[in-house]
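Observations on the three-dimensional arrangement
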Amino acid sequence: MRCAIITPVGPGHMDLLEQSCTPSIRRAMAYDMGPFSEVRHLVMDDTLGQHGRSNRRNDALAEAVAEGIDWVYFLDADDVLTPNAFEAFGRIIAAEPGLDAVWGLICEFDEAGQPQLREGQPERLDTRAEFLAVPPYLSIQIGAFIRADAAAQIGFDATMDTGEDFKFYYALWAGYSCAKRPEIFFVNRRGQHSTGPRSATGADWRRVVDGLWAAQLAEVPVWTEVRDPKGEGSARMRITNPNDLIQMAHLRGEFFEADSLDKLRRLVAAPNPRIVEVGANIGNHVVWYAKHLGAQKIYPVEPNPVALNILQSNIDANDLGGVIDTRGMGFGAGASEGHFTIQTDNADNLGATRLVPTDEGGVETRTLDALMGEEKVDFIKIDAEGMEMEVLEGAAALIARDKPLIWVEVLRPNMMRFAQNWCRQAGYRVVDSTPYRNTIDYFAAPKE
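Our subject in this report is the structure included herewith. (Residues numbered from 1 in each chain as written. Predicted model: local features only at pLDDT ≥ 70, side-chain atom pairs only at ≥ 80, totals over all residues. Heavy atoms only, no water.)

Side note on the overall build of the protein
Put simply, the rule is: Note on conventions: DSSP H or I runs of at least 4 residues are helices, E runs of at least 2 residues are strands, and numbering of each starts at the N terminus. Exposure is judged per residue with a 1.4 Å probe applied to protein chains only, and the accessible area is read against the type maximum: over 50% gives exposed, under 20% gives buried, and values in between give partly exposed. Pairs of residues are marked as contacts when any of their non-hydrogen atoms sit within 4.5 Å. Areas reported here follow the Shrake-Rupley algorithm with a probe of radius 1.4 Å; residue values treat only the protein chains shown as occluding. In this tally, Lys and Arg are treated as positive and Asp and Glu as negative; His is ignored, and so are the chain termini. To locate a charge, take atom NZ for lysine, CZ for arginine, CG for aspartate or CD for glutamate.
Secondary structure summary: the protein contains 15 helices and 22 strands in total. Viewed in the frame of its principal axes, the protein has a C-alpha envelope of about 80 × 40 × 40 Å. Burial statistics for the protein: of 448 residues in total, 52% are counted as buried. Put simply, of all contacts in the protein between residues at least 6 apart along the chain, 72% involve residues at least 24 apart. With the model as given, the accessible surface of the protein reaches about 19400 Å², and the carbon-plus-sulfur share is 48%. Looking at the protein, you have 44 positive and 65 negative side-chain charges, and the mean spots of the two groups are 4 Å apart.

A word on the packing of helix α6 (residues 164-175) against helix α7 (residues 202-217)
In a packed pair of helices, the relevant descriptors are the angle between the two axes and the axis-to-axis distance. Formally: Orientation is described by axes fitted as lines to C-alpha atoms, over the contacting stretch for helices, and by angles from 0 to 180 degrees between their N-to-C directions. Should an angle fall under 35 degrees it is called roughly parallel, over 145 degrees roughly antiparallel, and 65 to 115 degrees roughly perpendicular, with every other angle called oblique. For any pair of crossing helices, the crossing counts as left-handed if the nearer helix is rotated counterclockwise from the farther one by less than a right angle, and right-handed if it is rotated clockwise. Under the scheme applied, nonpolar residues are Ala, Val, Leu, Ile, Met, Phe, Trp, Tyr, Cys and Pro; charged residues are Asp, Glu, Lys and Arg; polar residues are all the others, including Gly.
At their nearest, the axes of α6 and α7 sit 9 Å apart, and the two run at 20 degrees to each other. Looking at the two axes, α6 sits roughly parallel to α7. In terms of crossing hand, the pair formed by α6 and α7 is right-handed. Along its contact with α6, which presents D165, F166, K167 and Y170, the element α7 presents W205, V209, L212, W213 and Q216. Tallied by class, residues from the contact of α6 with α7 come to six nonpolar, one polar and two charged.

What about the sheet that holds strand β3 (residues 71-74)?
Strand pairing in a sheet is mediated by backbone hydrogen bonds. Such pairs are either parallel or antiparallel. To be explicit about the condition: Note on pairing: DSSP must find at least two bridges between two strands before they are called paired.
With mixed pairing, six strands are arranged side by side in an open sheet as β2-β1-β3-β8-β5-β9. The open sheet has two edge strands, β2 (38-45) and β9 (178-180), and neither has a second partner. Neighbour-to-neighbour, the strand axes of the sheet open up by a mean angle of 20 degrees, direction not taken into account. Note that strand β1 (residues 2-9) and β3 share four bridges and pair parallel. Bridge pairing in β3 links A4 to V72. Along the sheet, helix α3 (residues 85-95) contacts β1, β2, β3, β5 (101-103) and β8 (144-147); its crossing angle with β8, the most-contacted strand, is approximately 55 degrees. The sheet contacts of α6 involve β3, β5, β8 and β9, and relative to β9 the element is tilted by about 115 degrees.

Looking at the sheet that holds strand β21 (residues 428-435)
Strands sit in the order β14-β13-β19-β20-β22-β21 across an open sheet of six strands; the sheet is mixed. In this open sheet, the two strands that pair with only one neighbour each are β14 (297-301) and β21. Between one strand axis and the next, the sheet turns by 15 degrees as a mean value, whatever way the strands run. Bridge count for strand β13 (residues 274-278) against strand β19 (residues 379-382) is four bridges, and the pairing is parallel. Looking at the pairing, V276 lines up with I380 of β19.

Thoughts on the side chain of T367
Positionally, T367 belongs in the loop between β18 (363-366) and α12 (368-372). Among residues more than four places away in sequence, those in contact with T367 are G334, A335, S336 and G394.

A short note on the nonpolar core
Inclusion rule: Think of a nonpolar core as a cluster: buried Ala, Val, Leu, Ile, Met, Phe, Trp, Tyr and Cys residues, connected wherever their side-chain atoms sit within 4.5 Å.
Within the largest apolar cluster, 41 residues are counted, with the highest numbers of intra-cluster contacts made by V72, F74, W103, F131, I146 and Y169. It is α6 that contributes the most residues to this core, six residues altogether. Contact partners of F131, with chain neighbours within four places excluded, come to L125, S139, I140, F166, Y169, Y170 and W173.

Quick word on the side chain of T434
Heads up, the condition is: Contacts described as polar in this section are N or O atom pairs within 3.5 Å, which, within protein, must combine one atom able to donate a hydrogen with one able to accept it, while residues neighboring in sequence count only if both atoms come from side chains.
Summarising the element assignment, T434 is placed in strand β21. Within the structure, T434 has its side chain in polar contact with the side chain of S260 (distance 3.3 Å). A polar contact of 2.8 Å, which involves the side chain of T434, links it to the side chain of K263. Apart from residues lying up to four places away in sequence, T434 is in contact with S260, K263, I440, D441 and F443.

Examining helix α2 (residues 53-66)
Under the convention used in this document: A helix is expected to reach a length of 1.5 Å times the quantity of its residues less one. This arc is taken over the directions from the axis of the helix to the C-beta atoms.
The terminal C-alpha atoms of α2, which comprises 14 residues, lie 20 Å apart, in line with the 20 Å expected from a rise of 1.5 Å per residue. Every buried residue belonging to α2 is among S54, R56, R57, A60, L61 and A64, and all of these are buried. Down the axis of α2, the sector holding all buried residues measures 160 degrees, keeping them to one side. Of the surrounding elements, those touching the buried residues of α2 are β1, β2, β3, α5 (148-154) and α6. Two residues or fewer after α2 comes G68, characterised by a positive phi angle close to 80 degrees.

So, the state of the cysteines
Here is the rule we go by: The rule for a disulfide is simple: a pair of cysteine sulfur atoms within 2.5 Å.
What the rule picks out here adds up to zero disulfides. C178 carries a free sulfur, and the closest cysteine sulfur to it, the one in C3, is 16 Å from it. Judged by relative accessible area, which is 5%, C178 ranks as buried.

Topic: the packing of aromatic side chains
Between two aromatic rings, the relevant description is the distance of the centres plus the angle of the planes. Stated precisely, the cut-off is as follows: Whether two aromatic rings pair depends on their centres lying within 6.5 Å, for rings of Phe, Tyr and Trp, where Trp uses its six-membered ring; planes under 30 degrees apart make the pair stacked, over 60 edge-to-face, and the rest tilted. For a Lys NZ or an Arg CZ to count as sitting over a ring, it must be within 6 Å of the ring centre and within 35 degrees of the ring normal.
The full count for this structure, using the stated rule, is 27 aromatic pairs. Ring geometry for W422 against Y428: centres 5.3 Å apart, planes inclined by 50 degrees, an arrangement best described as tilted. An aromatic cluster is built from F74, W103, F131, F156, F166, F168, Y169, Y170, W173 and W205, whose rings are joined through pairwise contacts. Here the basic side chain of R238 rests over the ring of W223, its NZ or CZ set 6.0 Å away from the ring centre.

A look at the pairing of β3
The alternating pattern of β3 places W71 and Y73 and V72 and F74 on opposite faces, both of which are buried. Of the pairings in the sheet, the one linking β3 to β8 comprises three bridges and is antiparallel in character. The residue of β8 that forms the bridge with W71 is R147.

See below:
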């Protein structure tokens, strides 16, 4: 087999190419050629910034395919190949000959010039779903052994100033057999990006790649594991938008609002509480209640169809059907029956979706008194995006009867109405709180 190492050389990178990149390839060839009978280094000059790295990579791919090259490897001019790169790849492809592309671990030089592995990255990736479940900066980088015909079939988008690398990766993982393995093929030198008219910042790259990632997640069911900080088991949560505030926490392996949930653990007195969750959203709290409070029954109330689909997926994935009562799923909660439309001002904050009253709205609200009937309730969580006082009004009989612990997110303009007026009239007192920029989470318990 024959391999081509493809290196586009942008403005300011010729010295790095000559001093470290090219010598590293020679060292690897001298150490062990692995499965290759020939290795060519295709240096694609763009030191004047007239072409762009994507065009240069595409030109090299066309040349490689024309010459019958079997595999290509993309090595930037500021990076270095490891001495055993070809040997390590040879072991992998001998064991897994069906692979079309193989990535190794992300390794980079630290400030002292020593190689170090990037913390938090997975050692292996075997499927597209596993790849998409990892934040891009922790998954893979440009250095990979890829079958030349597969790489050329996709190519790099020359219209993009940044993010074209992940557009290329996503297409490969969608159409070919790809994997990441616990080997180190190259070491990345950070902080040495080339300059020129097509250069971009790290923030630019992150913005573009996050958008590409979100589009991929809309196509593939992806799950991530979320662990309680006290180590009491884990949960599986669906990821559909990596930029959503709650799902960002899940991607970090955390429950959203973990601090407040920990406070709740100390405040709930009932051993197997019956819980009403107004504004259940995608189920962050619902799943946590079931996993960590031993909830006997949970009544999610959620009107948003987008959130409901993910909520149901998370309920199913965590086998919670036996504790979930679905009577409130598809409804909003308020002071009375009414019709509303759903308004999401920020697609990356699904939890901030609001209900807007209108006679022709397709979303119906019910009072908690009507929804719950004679069902006993030990705890109520209310996140109603400004309608919290209306929800409390519609739950007056239930609250008077059962005296549940209440956790309510209150917009700051409603702070005094809740903390003084409502609590005094209902016979409650605030026992804890968590302040945020625009809201305050109050925990209130009956005075007696």
